[in-house]
Amino acid sequence: MGNEIDIHAPGVEMCKSLCYFCHANCGVLAYVKDGEAIKIEGDPNYANQGGLCCRGNSALLHLNHPARINHALKRVGAKGEGKWEKIPYDQAIAEVAERLNQIKAESGAEAVATAGGTTRTDDWARRRFLNQFGSPNGFHNALLCWIPTFMAETCVAGWSPFETDLGSAKVVMLWGMNPGASSLGAMRGYTDLQKNGMKIICVDPRFSETASKADLWLPLRPGSDSALALALLRTIIWEGLYDFAFVRDWCQDFDALKEHVRDYTPEWAAPLTWLSPEQIRAAARMYATNTPGCIQWGCTWDQLGTASTTTSLTLALMRAVCGNLDVPGGDGMPGPALNYLTDEEMEANECLPEEQKAKQIGSDKFKLTSWPGYQLISDNARRTWGKALPTEWFCEAHGPSVFKAIITGDPYQVRALIVNATNPINSYGDSKMTLQALKQCEFLVTVDYWMTPTALLSDYVFPAAGALERPTIVTHYGATDSILGGKRAMQPLYDRHTDMTFWRKLGIACGQPEEMWPWKTEEEAYYHILEPLGLPISCYDEFVDNYRMYYPPLHQNKFIANGGFWTPSGKVECDSSILRELGYPGMPTYLGCSENEVDDPEVAEKYPIVLTTGGGFMPFHHSEHFQMPGIRYLYPDPYFTINPVLAEKLGIAEGDWCWIETRRGRIKMRANVSPELDPRVVFAPRGWWFPERDGSADLSNPFGCLESNVNVLTSVDVEDCDPMGGSWANRGLMCRVYKCTELDHDYKPADAQWSIPGNAAEPGVTVMPSDQKMARPHVPFEAPEVEEAPEGFYRVWQNGQLYQEGTHFRLDESGWLVNPRTKGYHDAYTGWRYDPASELLVDDATGKSYTMDREEVSFLGGVRCYPGAEAPFEVPEQLTWNAEGGYAQLADKPYVYDPASGWLVDPETGAFHDAYYGWLYDGATGHLVDESTGTHYDMEYNPIVNEEAAAARVAEEEEGA
């Protein structure tokens, strides 16, 4: 009891903050005294309903942890030796900027790349820095988490349908997600809805917490998601379970799709998925006959490697043909936020030259998620929504290819890498190759909380502000129209700084204009983002205190009001024109996962067990929280899961240390013997490392970052990556498992040897990355010829429509431009907006108005004037027409008559005056006031002697009425 904090004590203030330890961004109430957070608890008025997991509850321990990096560090010993000099933050920024500018001058801006992680809030500042610096080579782990899915689904229907309307849904398909363990608040919602009749279909190789509660569980072979999805789609179409009216009215090329999936039968998929045809048909029927329904996204199919985008494309079409897009109870398509500034509007993408975009590493191969695909998709979004999606996350260099470029100089030498909020050795594929790239990088800078293996190898390390030390805004990276916010509970301790501060300081130090970084704090930037909402607030903190979150009214069936979907054709494109233009099949075409027993029997003979990985696991998030004793106590060692039948066959008992080996290497983990998995499968958690070790003691395996890290086993070889989006292979790989022995228990230097490709027999570079073949070659594409566009316009080949260059406004048959955001009309020559209320053209840039003949219109006091003309309206007899000014007035009073209201308006003050005597209207009392005498009158011109008399008069009038 002695440690109990009295939150009601004098001087204690409550701050509405947000957790920063995963993407859920749960609501936190932080109690602060004398500028320091002393207690936290979950916010009962937020989505987490007052609950916090062990990660969120560790925020105070995280804040003051002795292993935190608190000052800028400059390497003074050999790389990885662990010898540092503490220097002032601004000095470190200046020295890094000088080196980056030198590299840019010698090798071009593209020689500088940045690796990002899960910053869990806005990430526009990094891209704003890169765009001004001139480098296209920013990347995250985004290719393993939602981004390829978003882009593929957007190609089908014009936006990703990722917002489930579960309250009205009759069925939900949970594919590769386990909310029973990962998001308990959500699981409660699922089960409550299930009690009310909603069906739950769970697609998961494991008999997970969620699978145990599902109406139907599909325990598919890991990595076979594309085969299952295609068989489900085929069943729905060929059994006539689809929404006939929706397909007829809103789907293009459906007949071609029907023929395309003819052979993808449940019988074809059964041996690939390890499911029976009856199970597949049962799932298809349950989903298609219980409409409306939802498919809840999980990142599983983003991690399949070769088969990733095929799966997301197929599921997008499943939603569509069942009529579950943008309808109540279906999957929502919010589109970009139209009423506040999106991340894209903060990124300064206009600063990056076209020639630099063309140098983005990986954009020649994996076009969907890099500049070629982004340009087509974002241009289409501007034409149809009126805004584009951000480049950060949605337009990435291919991370593994950047690491290879550091090692090989192919396609060119990347000399500098800035690592922000990620530990690439743990989180990217082929960890041995990634470690080699970080060792070999000429200039490496890291921003982090901890001394990670990546930080250890850096030239400079910058301290990052933590959850309680930063404000947080959640805009879902510009992919939706809602917004949530949390205040910083306290200013950063020591010399820690936020990410935006780092990029802003670095940008200005590199010579970027300070006016391009006008916000000195996140609060200033966030208020700028929110201003268009027009809320009665004067700063960001007021938004959090008074609103906390903003959700616009729910708009569904928008495609009906819009007259179509947000694709180039205006229909759901069953044969995507954007994918075909990029050189890919427009319809989902089967590709197996990167390794499987059907396509790779020789591999399966040596590695007969299926390995699945990539899933997150409590209590850690990526490579975080391993330093926290209380959290580490919950999960002290790396465990993989193995079925008892397979464990007995291999002589493995619970807790045994075992080797898991693929063609790329081996790691060791302890056995968790459980029947939740098929006997042909093992599951290994991602990203294990040992921060308690001396990182400098063994630079071939610093902090044990390779020893139990499953990403050693995954593949980033070009042939194993998805040919559209670039996702690499985490799931469905082939492995073998054997128990550690006394003679073979320790991790050896040979286990750390790297190679390109990852499965090469000899270490080092065996094949240059540009010489590696893709899983599927590009298909040459030529757009159909269209009529030439007039100057200043371009024509879209899919619909033949003309659009204005720059604005992307459509040229209507009437000769007017149509703004997709407002549906308003604009003059085709000047771009001025047509205002139907005044029947004038308005130049929003200057605020000036014009007639339909484009002659400027003058206003006085907000009243339109007609100088040099006769009055275009009937002038009351007591007024005179001022022909020179073009308005009616009362005697010599400086007021302007407003024919719309019948009042005189004072141009100086905007006040209203009576049109007969010019008396001022007093809104506070409802009186007319003769300003020359001060006498008050009622609206019938009766003098009011005093307030009592006025009240009596009003009472009499009301009684008479």
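Below is a short write-up of the structure. (Residues numbered from 1 in each chain as written. Predicted model: local features only at pLDDT ≥ 70, side-chain atom pairs only at ≥ 80, totals over all residues. Heavy atoms only, no water.)

This next bit is on the packing of helix α8 (residues 225-238) against helix α11 (residues 266-273). Close contact between α8 and α11 brings their axes to 9 Å; oriented N to C, the two are set at 160 degrees. The angle between α8 and α11 places the two elements in the roughly antiparallel class. α11 is crossed by α8, and the crossing has left-handed handedness. Seen from α8, the contacting residues are Ala-227, Leu-228, Leu-230, Ala-231 and Thr-235; seen from α11, they are Pro-266, Trp-268, Ala-269, Leu-272 and Thr-273. (Axes fitted to C-alpha atoms, helices over the stretch in contact; angles between N-to-C directions. Helix = DSSP H or I, 4+ residues; strand = E, 2+ residues; numbered from the N terminus. Parallel < 35°, antiparallel > 145°, perpendicular 65-115°, else oblique. Left-handed = near helix turned anticlockwise from the far one by under 90°. Contact = heavy atoms within 4.5 Å.)

The next thing to look at is the nonpolar core. Phe-394 and Phe-565 are the most contacted members of the largest nonpolar core, which has 86 residues in total. Phe-394 has contacts with Trp-146, Ile-147, Phe-150, Met-151, Thr-369, Tyr-374, Leu-389, Tyr-477 and Ala-479, leaving out every residue within four places of it along the chain. By size, the runner-up hydrophobic cluster in this structure holds 77 residues, among which are Ala-72, Ala-416, Tyr-550 and Tyr-635. (Core = buried A, V, L, I, M, F, W, Y, C linked by side-chain atoms within 4.5 Å. Buried < 20%, exposed > 50% of the residue type's maximum accessible area, 1.4 Å probe, protein only.)

On to the layout of surface pockets. The gaps of empty space that remain are located by a probe, the size of a water molecule, rolled over the atoms. Within this model, the second largest pocket holds a volume of roughly 420 Å³. Arg-383, Thr-384, Asn-562, Arg-810 and Lys-823 are, among the 23 residues lining the second largest pocket, the residues nearest its centre. Listing elements by their share of the lining of the second largest pocket, those giving two or more residues are α15 (371-384) and α23 (558-562). Residues belonging to the lining of the second largest pocket are distributed by class as follows: nine nonpolar, 11 polar and three charged. (1 Å grid on protein atoms, 1.4 Å probe; cavity = no way out; pocket = protein on both sides within 12 Å on 5 of 7 lines; lining within 4 Å. Points joined across faces, edges and corners; volume = space filled by probe spheres on them. Nonpolar A, V, L, I, M, F, W, Y, C, P; charged D, E, K, R; others polar.)

You can see Asn-141 is positioned in the loop between β7 (138-139) and α5 (147-157). Side-chain polar atoms of Asn-141 contact the backbone oxygen of Ser-427, separated by 2.8 Å. Discounting residues that sit within four places of it in the chain, Asn-141 has contacts with Gly-116, Ser-427, Tyr-428 and Trp-728. (Polar contact = N/O pair within 3.5 Å; in protein donor to acceptor, adjacent residues only side chain to side chain.)

All right, on to the side chain of Lys-365 then. Relative to the helices and strands, Lys-365 is located in the loop between α14 (354-357) and α15. Lys-365 gets classed as buried once you look at its relative accessible area, which sits at 15%. In this structure Lys-365 touches Tyr-584, Val-718, Pro-723, Pro-769, Ser-770, Gln-772, Met-774 and His-778, once residues within four positions along its chain are discounted.

What follows is about the pattern of salt bridges. Counted under the stated rule, the structure contains 49 salt bridges. The salt bridge partner of Arg-415 is Glu-106, with a shortest N-O separation of 3.0 Å. One end of the pair, Arg-415, is in the loop between α16 (399-408) and β15 (416-420); the other, Glu-106, is in helix α3 (residues 89-107), and 309 residues separate them in sequence. Judged by relative accessible area, Arg-415 falls into the buried class, the value being 12%. One salt bridge in this structure joins Arg-663 and Glu-595, with 2.9 Å as the shortest N-O distance. Here Glu-595 lies in the loop between α24 (577-581) and α25 (601-606) and Arg-663 lies in the loop between β24 (657-662) and β25 (665-673), a separation of 68 residues in the sequence. Salt bridges sharing partners connect three or more residues here, namely Arg-99, Glu-106, Arg-415 and Glu-442. (Salt bridge = Lys/Arg side-chain N within 4 Å of Asp/Glu carboxyl O.)

So far we have only geometry, and geometry alone does not tell us how the molecule works.
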